[in-house]
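# Topology and contacts: notes
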Amino acid sequence: MSHRIVIVGGGAGGLELATRLGRTLGKRGQARVTLVDANLTHIWKPLLHEVAAGSLNSSEDELNYVAQAKWNHFEFQLGRMAGLNRAERRISLAATLDERGEVLVPERELGYDSLVLAVGSSTNDFGTTGAAEHCLFLDTREQAERFHRQLLSHYLRAHANQDGSTGQISVAIVGAGATGVELAAELHHAAHELAAYGLDRIRPENMRITLIEAGPRVLPALPERIGKPVHQTLEKLGVTVLTNAAVSQVTHDALLTAQGDSISASLKVWAAGIRAPSFLKELDGLESNRINQLQVRPTLQTTRDDNIFAFGDCAACPQPGGDGRNVPPRAQAAHQQASLLAKSLKLRIAGQALPEYRYRDYGSLISLSSFSAIGNLMGNLTGSVMLEGWLARVFYISLYRMHQMALYGPLRTLLLMLSDRIGRSTEPRLKLH
Ligand SMILES: Cc1cc2nc3c(=O)[nH]c(=O)nc-3n(C[C@H](O)[C@H](O)[C@H](O)COP(=O)(O)OP(=O)(O)OC[C@H]3O[C@@H](n4cnc5c(N)ncnc54)[C@H](O)[C@@H]3O)c2cc1C
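Criteria and thresholds
- Residues numbered from 1 in each chain as written.
- Predicted model: local features only at pLDDT ≥ 70, side-chain atom pairs only at ≥ 80, totals over all residues.
- Heavy atoms only, no water.
- Domains from an automatic or database assignment.
- Contact = heavy atoms within 4.5 Å.
- Buried area = accessible area lost by both parts, 1.4 Å probe.
- Salt bridge = Lys/Arg side-chain N within 4 Å of Asp/Glu carboxyl O.
- Pairing = 2+ DSSP bridges.
- Helix = DSSP H or I, 4+ residues; strand = E, 2+ residues; numbered from the N terminus.
- Axes fitted to C-alpha atoms, helices over the stretch in contact; angles between N-to-C directions.
- Core = buried A, V, L, I, M, F, W, Y, C linked by side-chain atoms within 4.5 Å.
- Buried < 20%, exposed > 50% of the residue type's maximum accessible area, 1.4 Å probe, protein only.

To continue, consider the domain arrangement of the protein chain. When the parts of a complex come together, some accessible area is lost, and that lost area is often taken as the interface size. If you check the domain split of the protein chain, you get domain 1 (3-121 + 276-349), domain 2 (131-270) and domain 3 (363-424). If you average the C-alpha positions of domain 1 and of domain 2, the two centres end up 32 Å apart. Taken together, the 13 residues of domain 1 in the interface contact 14 residues of domain 2. Of the roughly 1,200 Å² buried between domain 1 and domain 2 on both sides combined, carbon and sulfur atoms contribute 61%. Considering only the surface of domain 1 that becomes buried against domain 2, His49, Ala52 and Ala53 emerge as the three largest contributors, covering 45% of it. Here domain 1 and domain 2 share one salt bridge between them. For Glu62, the salt bridge identified is with Arg141, shortest N-O distance 2.0 Å.

As structure tokens, this is what we get:
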């Protein structure tokens, strides 16, 4: 029987890995590659703030796992992983229910020789009172679409108002990391587009956007020379940026900070911090950390089981240097680790030693919607180069194109780029439903 590789999680990392392994080991019959995901379709997570603002129609950029599996010589299994039996090398999948609550796919077990966990992460509200109840999150396509529907409802209600009065909308975003910053800029853009389409009872200046950060500056994980111009640009766009403001409670219509301030908001988004899925905590004795990430070695094998790998946001992978820093939870890291694992799994089947992963930071680019992007690129020869404006935007978009290249190859990526261009000239620039 050929080697059974089971990859759980078809996100930024897992889907690239399944595709690469399918095209090589799967196609040649050297391994049976299976991808498991809780959903039928994939959308690249860094696009979700654009889905929320309506500048991206998620159905146009989603990928269907069944078709991708067929085209790339791997199997797809729909299901949410719920348990693990390491001794018998089996994982268990919970039953998948349809919208009426009836069983669509029953619960079942899958055997493996090599198991790769790439189940990602979700936003961490740190148990803040009222956050889960009153905030929206941007972890899934459904959540991003929910935000968009709520945003649009405000506009449609104001538009239907017969008394001719102008409306207001206030959005508060908790967390001035990349997601919060990009969402704020994208919403500013959406406010102008909605007004341009005639939904102008809420004028662009009447969309009040507040970005709230517990730390002393925006983009705390990035160098200050990126954070500073981003902060200035946001303020120029009219976004209120509050730093050193830790949200301690969320109510129906406001966010309260530990410093005693109250920020009223009709739409509240929590975009701070991450945690891995809770089922990873104490998963048949595997080692995990306080945010449920599985502890891995530089080979990306879990510390207590050589047959189980973990990568992407759900893994705590130490960076060399011993200062306790882990590889950051970013699409760039998931992409690099998927490339490494595509090689590692071939070597494992051949009984050879596995290479070690070293995170290479190629820089960070922050999109400020269609206005601009700001960031730095890192090169071996050039060191760190600051980029701003349209050139930075081109590099920002190229991150997504690289993901598409890994999934579809160069020809189909080119065709997708062309169809995006055509789509942009024939459809509204903002999703209006
Ligand atoms: C709004 C937003 C913007 C971002 N912008 C950027 C950016 O600009 N640049 C950047 O580098 N990073 C960005 N990130 C972070 C980036 O998206 C993640 O680091 C990256 O997606 C991690 O990839 P992954 O493969 O580990 O997990 P994911 O891409 O999250 O994929 C996880 C997959 O696992 C599946 N899954 C989860 N649990 C189970 C289960 N129990 N059983 C089966 N399947 C399961 C999910 O359905 C999903 O398909 C952003 C994140 C967000 C939310």
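Turning next to the sheet that holds strand 2 (residues 31-37). Remark on secondary structure: sheet strands pair via backbone hydrogen bonds, oriented parallel or antiparallel. An order of 5-2-1-11-23-22 is seen for the six strands of this open sheet, with the pairing classed as mixed. The outermost strands of the open sheet, each flanked by one partner alone, are strand 5 (75-78) and strand 22 (301-302). Bridge count for strand 1 (residues 3-8) against strand 11 (residues 114-117) is four bridges, and the pairing is parallel. Counted as the bridge partner of Val6 is Leu115 from strand 11. Strands strand 1, strand 2 and strand 11 of the sheet are contacted by helix 1 (residues 14-26), whose axis makes an angle of about 160° with strand 2. Relative to strand 23 (residues 305-310), helix 9 (residues 331-349) is tilted by about 160°, and along the sheet it contacts strand 1, strand 2, strand 11, strand 22 and strand 23.

The biggest cluster of nonpolar side chains holds 55 residues, and the ones touching the most others in it are Leu17, Ile91 and Leu117. When residues in this core are grouped by element, the largest group, six residues, is from helix 9. Each residue touching Leu117, except ones within four places of it in the same chain, is listed here: Val8, Met81, Leu280, Leu283, Leu294, Ile308, Phe309, Ala310, Phe311 and Cys314. Residues Ala52, Ala53, Leu138 and Ala158 belong to the second largest nonpolar core, which totals 49 residues.

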